[in-house]
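# Analysis of the macromolecular model
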Amino acid sequence: MFSVDIDKQLGDFTLSVAFQSDAGVTALFGPSGSGKTSIVGMIAGLIKPDRGRIVIGGEAVFDSAAGINEPAHRRRIGYVFQDGRLFPHLSVARNLDYGRWMTGLPRDEAQFGHVIELLDIVPLLKRRPGALSGGERQRVALGRALLMKPRLMLLDEPLASLDARRKSEILPYLVRLRDDTRLPMIYVSHDAAEVKALASRVVLLDAGRVVSNGGAELL
Amino acid sequence: MFSLSPEEWTAVALSLRVAAVATAVSLPLGIAVAWVLARKSFPGKTLLNAFIYLPLVLPPVVTGYLLLIAFGRRGLFGAWLESVGIVFSFRWTGAALACAVMSFPLMVGAIRLSIEAVDRKLEDAAATLGASRTWTFATVTLPLALPGIIAGAVLAFARALGEFGATITFVSNIPGETQTISAAIYTLTQVPGGDAQALRLVVIAVAISLLALVLSEWFGRRAGARVHGV
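So, a few notes on the structure that sits alongside this text.

Thresholds, definitions, all that
- Here the residue index of a chain counts from 1 through its sequence in written order.
- Ligands are numbered from 1 and chains lettered from A, in the order in which they are written.
- With pLDDT at 70 or above as the cut-off, local features in this predicted model cover only qualifying residues; side-chain atom pairs require 80 or more to be listed or tallied, and sums for whole chains, interfaces and linings still use all residues.
- Processing note: side-chain calculations cover all non-hydrogen atoms of the structure and skip hydrogens and water entirely.
- Under the scheme used here, helices are H or I runs from DSSP no shorter than 4 residues and strands are E runs no shorter than 2 residues, and both carry numbers assigned from the N terminus.
- Accessible area is worked out with a 1.4 Å probe on protein chains only. A residue is then buried under 20% of its type maximum, exposed over 50%, and partly exposed in between.
- Two residues form a contact once any of their heavy atoms are found within 4.5 Å.
- Buried area, as used here, totals the accessible surface that two parts lose on assembly, with accessibility defined by a 1.4 Å probe and the loss added over both.
- What counts as a salt bridge is simple: a side-chain nitrogen of Lys or Arg found within 4 Å of a carboxyl oxygen of Asp or Glu.
- Note on geometry: axes are C-alpha line fits, over the in-contact stretch for helices, and angles between N-to-C directions span 0 to 180 degrees.
- In these notes the angle categories are as follows: under 35 degrees is roughly parallel, over 145 is roughly antiparallel, 65 to 115 is roughly perpendicular, and the rest is oblique.
- Crossings are assigned a handedness: left-handed for a near helix turned anticlockwise from the far helix by less than a right angle, right-handed for a clockwise turn.
- Think of it as three bins: nonpolar holds Ala, Val, Leu, Ile, Met, Phe, Trp, Tyr, Cys and Pro, charged holds Asp, Glu, Lys and Arg, and polar takes everything else, Gly as well.
- For the purposes of these results, a polar contact is taken to be a pair of N or O atoms within 3.5 Å, where, inside protein, one atom must be able to donate a hydrogen and its partner to accept one; residues adjacent in sequence count only when each atom of the pair is a side-chain atom.
- Strand pairing follows a simple DSSP-based rule, namely that at least 2 bridges must link the two strands.
- Here a crossover is taken to be right-handed if, once the strands point away from the viewer, the path from the first strand over the helix to the second is traced clockwise.
- Patches draw on residues past 30% relative accessible area with no salt bridge. Two like charges within 9 Å are joined, as are two nonpolar side chains (Val, Leu, Ile, Met, Phe, Trp, Tyr) within 5 Å.
- Note on areas: Shrake-Rupley, 1.4 Å probe, and residue coverage restricted to the protein chains presented here.

### Concerning the overall build of chain B
Along the backbone of chain B there are 10 helices and 0 strands. The helix and strand sequence of chain B, counted from the amino end, reads α-α-α-α-α-α-α-α-α-α. Taking the principal axes of the C-alpha coordinates as reference, chain B spans close to 70 × 45 × 30 Å. Counting every position in chain B, which comprises 230 residues, the buried fraction comes to 47%.

### Thoughts on the interface of chain A and chain B
Of the residues lining the interface, 24 residues belong to chain A; the matching set on chain B comes to 21 residues. Between chain A and chain B the total buried area reaches about 2,000 Å² when both faces are included, carbon and sulfur atoms providing 68% of it. At the boundary of chain A and chain B, one finds 1 salt bridge. The residue Lys121(B) makes a salt bridge to Asp83(A) at a minimum N-O spacing of 3.7 Å. Sort the elements by how many residues they give to the side of chain A that touches chain B and helix α2 (residues 92-103) of chain A lands first, with 5 residues.

### Observations concerning the packing of helix α4 (residues 134-146) of chain A against helix α5 (residues 164-181) of chain A
Residues and elements named next belong to chain A. As a packed pair, α4 and α5 sit with axes 10 Å apart at the nearest point and diverge in direction by 15°. One element, α4, and the other, α5, form an angle in the roughly parallel class. Crossing of α4 over α5 shows right-handed handedness. Together, Gly135, Arg139, Leu142 and Leu146 of α4 and Arg166, Glu169, Ile170, Tyr173, Leu174, Leu177 and Thr181 of α5 make up the contact between the two elements. Considered class by class, the residues forming the contact of α4 with α5 number 6 nonpolar, 2 polar and 3 charged.

### Focus on the pattern of salt bridges
All names here are of chain A. The full count for this structure, using the stated rule, is 19 salt bridges over all chains. Asp5 is paired through a salt bridge with Arg51; the nearest N and O atoms lie 3.4 Å apart. Placement of the pair is Asp5 in strand β1 (residues 2-10) and Arg51 in strand β4 (residues 51-56), with a sequence separation of 46 residues. By relative accessible area, which is 36% here, Asp5 ends up partly exposed. Overall, Arg51 belongs to the partly exposed group, its relative accessible area being 39%.

### Remarks on helix α9 (residues 181-190) of chain B
All of the buried residues along α9(B) are Ile181(B), Ser182(B), Ala183(B), Ala184(B), Ile185(B) and Leu188(B). For α9(B), the elements touching its buried residues are α1 (6-39), α7 (133-162) and α10 (195-228) of chain B.

### With respect to unusual backbone geometry
One non-glycine residue, Ala207(A), adopts positive backbone phi at about 50°. Inspection of the secondary structure assignment puts Ala207(A) in the loop between β10 (201-206) and β11 (209-215).

### Observations concerning the side chain of Ser15(B)
Residues and elements named next belong to chain B. Tracing the chain through its elements places Ser15 in helix α1. We classify Ser15 as buried; its relative accessible area is 3%. Of the polar contacts made by the side chain of Ser15, one reaches the backbone nitrogen of Ile181; its length is 2.6 Å. Ignoring any residue separated from it by four or fewer positions in sequence, one finds Ser15 in contact with Leu161, Thr180 and Ile181.

### Some remarks on the environment of Arg176(A)
Residues and elements named next belong to chain A. Mapped onto the elements, Arg176 comes out in helix α5. Expressed as a C-alpha distance, the spacing of Arg176 and Leu118, which sit 58 residues apart in the sequence, is 7.6 Å. If we ignore the near neighbours within four places in the chain, the residues touching Arg176 are Glu117, Leu118 and Asp120. Of note is the side chain of Arg176, whose polar atom sits 3.2 Å from the backbone oxygen of Leu118.

### Thoughts on the packing of α2(A) against α7(B)
Direction vectors running N to C along α2(A) and α7(B) enclose 150°, while the axes themselves pass 12 Å from each other. The orientation of α2(A) with respect to α7(B), classified from their angle, is roughly antiparallel. The two elements α2(A) and α7(B) cross, and the hand of that crossing is right-handed. Across from Tyr98(A), Trp101(A) and Met102(A) in α2(A), the residues of α7(B) making contact are Trp135(B), Thr136(B), Thr139(B) and Val140(B).

### With respect to the pairing of strand β8 (residues 152-156) of chain A
Residue and element names in this part refer to chain A. Counting buried residues in β8 gives 5 out of 5 residues, a clear majority hidden from the surface. Of the two faces of β8, both are covered, the one formed by Leu152, Leu154 and Asp156 as well as the one formed by Met153 and Leu155. Pairing geometry for β8 and strand β9 (residues 185-189), over 4 bridges, is parallel. What sits directly across from Leu155, in β9, is Tyr187. The parallel pair β8 and β9 is bridged by α5, and the resulting crossover is right-handed.

### Describing a nonpolar patch on the surface
There is a patch of nonpolar side chains on the surface, built from Val62(B), Tyr65(B), Leu66(B), Ile69(B), Leu76(B) and Phe77(B) and spanning about 590 Å² of accessible area. Checked against the element boundaries, Phe77(B) lands in the loop between α3 (60-71) and α4 (78-83).

### Some remarks on the pairing of strand β2 (residues 13-21) of chain A
Residues and elements named next belong to chain A. Relative to β2, β1 runs antiparallel, the two sharing 9 bridges. Among the inter-strand pairings, Leu10 is bridged to a residue of β2, identified as Phe13. As consecutive antiparallel partners, β1 and β2 are separated by 2 residues, and within that stretch Gly11 has a phi angle of approximately 65°, a positive value.

Dropping the structure here:
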């Protein structure tokens, strides 16, 4: 479903990784500073790799040899950030609808209803992000990314900013999401328990390189 | 005890019109320039920045004279502008141009700060959700910078109301056409017995400026609450 083969020099740090996966959740696992977030940023189109090729669902979104570099806003890749990044000036409902609005997709009430049900955000719709708890914010961020009908979901340590109790509160939603949507997902984490609960494939990273690549038994 | 003569009314109305037009017309350009200065790096940026802040440090008479050289009837662009129907010299439009130029640095400064304060991570998030640069600016950057934009506009309006030196140099002091409150006060203080009239205009100038500042504070707080609101 997707393949990544990229090089990037970031100051003194050399990132050079290649991995691929099909459906299901692929975890990028490694200590902080191993380049996980940079990889995800390059897949999303927020950082430009120096060289390489990124293919999603058969379409090259980046290919340095062929001169392809699809801008982030045309890649249709859902991105859930560690810090949520909800738009503070928009209500939860408008945040959720933002991707559909920007991509010009027709309204899909069925999907909207389904997603807000799945993530239990119905009672939050009229609120502003400033009035949400950390866990609620991440659920809304998940919904917002899902509702743009992405081809691939990137989850960059979506639980890292939450305390242990909140984490265990959100994890079941991620499992539901995985089983319900069958979207390919890349899940960035340095928490082995999270990865074991979610991922079918694991890419182990260290210092900008892939150390090993296989099933969840790697952990 | 406090009634204005028709001439005084004319000066007040003209001042308000000149300041409002100067602010409204320069606002889009001010936002664009502020965005470029806040978000872009390019060769010559320091120079552009210095050029925009120039009216703040130049003697207003010099700015007015430069406007005369550039936009006067026989100026560098004056003849060409006149051929397309735009005349600045000795018109209220020229007063508005002088006010716009003089208040532009204040406007750009306030807006630039507010754009710099917008978290670029939110702009990245908008891009991943399918928003092009333009849409990101319109739906994320601009609304989040709104309190600063309002503050910048009000500051520019207040500065434009008080403009004197550049205006009088560029378009002179013609009652009903280019004689703003400031110019009228100046004229009244030059004639015997004009003190009482001058004082009335001074009170009005103070009242308008105070009102503008109070309004900007209020709008700014409201917009701030909306933007960061709960």
